[in-house]
Amino acid sequence: MSAKSLVSAIPAAPSAAALAHFEASFSYETDCWDVHDALTGGQQDFVLLDVRGTEKYAAGHVPGALDLAHRKIIGSKIAEFPADTLFVVYCAGPHCNGAARAAVRLAQLSRPVKVMPGGITGWLDEGFALATGS
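Residues numbered from 1 in each chain as written. Predicted model: local features only at pLDDT ≥ 70, side-chain atom pairs only at ≥ 80, totals over all residues. Heavy atoms only, no water.

1. With respect to the overall build of the chain
The number of helices and strands found in the chain is six helices and four strands. Listing the helices and strands of the chain from first to last along the sequence gives α-α-β-α-β-α-β-α-β-α. Its C-alpha atoms give the chain principal-axis dimensions of about 60 × 30 × 30 Å. Among the 134 residues that make up the chain, the fraction classed as buried is 34%. Counted over contacts in the chain with a minimum sequence separation of 6, partners at least 24 positions apart contribute 70%. For the chain, the accessible surface area stands at approximately 8,300 Å², while carbon and sulfur atoms represent 58% of it. With 10 positive and 13 negative side-chain charges, the chain shows a separation of 12 Å between the mean positions of the two kinds. (Helix = DSSP H or I, 4+ residues; strand = E, 2+ residues; numbered from the N terminus. Buried < 20%, exposed > 50% of the residue type's maximum accessible area, 1.4 Å probe, protein only. Contact = heavy atoms within 4.5 Å. Areas by Shrake-Rupley, 256 points an atom, 1.4 Å probe, with all protein chains shown as cover. Lys, Arg positive; Asp, Glu negative; His and termini not counted. Charge placed at Lys NZ, Arg CZ, Asp CG, Glu CD.)

So, in structure tokens, the structure goes:
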């Protein structure tokens, strides 16, 4: 009898639980392709925040994104946006937790938020261009 791999040593969740989990994940995140599609198709119904910091933002950011480092997300900085504004946050990429930190701050301020997990890395991997400057 062969030993189980590390992949199958812990059984997969039952299908109903997996379905609930993966369906729910779309409430918390979106991908680079969907953001790009909304931005280029004139359907931007969210505010896109680059949460890496001004220097990195100036070096290259997703076109249309606003520069607001996760450490600087406070009520007064987002007060200009209606309470139901959806924020989409991104950082450098999957190796960076800045987007998650920003999402926590926005959720603490009772703001709707989704993370774009691929960040700049995912954006570039999809072949999309960056904007530069502030």
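2. What to know about the pairing of strand β3 (residues 87-90)
Burial along β3 is two-sided: the residues Phe87 and Val89 and Val88 and Tyr90 are all buried. Pairing of strand β1 (residues 47-50) with β3, which is carried by four bridges, proceeds in the parallel orientation. Looking across to β3, one finds that Leu49 is bridged to Val89. (Pairing = 2+ DSSP bridges.)

3. Details of the packing of aromatic side chains
Scanning the model with the defined rule gives three aromatic pairs in all. Following the ring pairs from residue to residue traces out a cluster consisting of Trp33, Trp123 and Phe128. (Phe/Tyr/Trp six-rings, centres within 6.5 Å; stacked < 30°, edge-to-face > 60°.)

4. Observations regarding the environment of Val51
In this fold, Val51 is placed in the loop between β1 and α3 (54-59). With 15 residues separating them in the primary sequence, Val51 and Leu66 have C-alpha atoms 8.5 Å apart. Leave out the neighbours within four places in its chain, and Val51 touches Leu68, Ala69, His70, Ile73, Val89, Tyr90, Cys91, Gly98, Ala99 and Ala102.

5. Description of the side chain of Arg52
Structurally, the position occupied by Arg52 is in the loop between β1 and α3. One polar contact links the side chain of Arg52 to the main-chain carbonyl oxygen of Lys56, over a distance of 3.1 Å. Within the local environment of Arg52, its side chain forms a polar contact with the backbone oxygen of Gly60, the two atoms lying 2.5 Å apart. (Polar contact = N/O pair within 3.5 Å; in protein donor to acceptor, adjacent residues only side chain to side chain.)

6. A few points about the nonpolar core
Membership of the largest hydrophobic core comes to 16 residues, with the highest contact counts inside it found for Leu49, Val51, Ile73, Phe87, Val89 and Leu106. A per-element tally of this core places helix α5 (residues 98-108) first, with four residues. For Leu49, the residues in contact, after removing those within four places along its chain, are Leu66, Leu68, Ile73, Phe87, Val88, Val89, Tyr90 and Leu106. Ranked by size, the runner-up nonpolar core spans 14 residues in total, among them Ala38, Val88, Met116 and Trp123. (Core = buried A, V, L, I, M, F, W, Y, C linked by side-chain atoms within 4.5 Å.)

7. What about a negative patch on the surface?
There is a patch of like negative charges on the surface, built from Glu29, Asp31, Asp34, Asp37, Asp125 and Glu126. Tracing the sequence through the fold places Asp34 in helix α2 (residues 32-40). (Patch = residues over 30% accessible without salt bridge, like charges linked within 9 Å, V, L, I, M, F, W, Y side chains within 5 Å. Salt bridge = Lys/Arg side-chain N within 4 Å of Asp/Glu carboxyl O.)

8. Focus: the sheet that holds strand β4 (residues 113-115)
Here we have four strands laid out as an open sheet, ordered β2-β1-β3-β4, and parallel in their pairing. Each of the sheet's edge strands pairs with one partner strand only, and the pair in question is β2 (66-67) and β4. Across two bridges, β1 lies against β2 in parallel orientation. Bridge pairing links Asp50 to Asp67 in β2. Packed onto the sheet, α5 meets β1, β3 and β4 and runs at close to 155° relative to β3. (Axes fitted to C-alpha atoms, helices over the stretch in contact; angles between N-to-C directions.)

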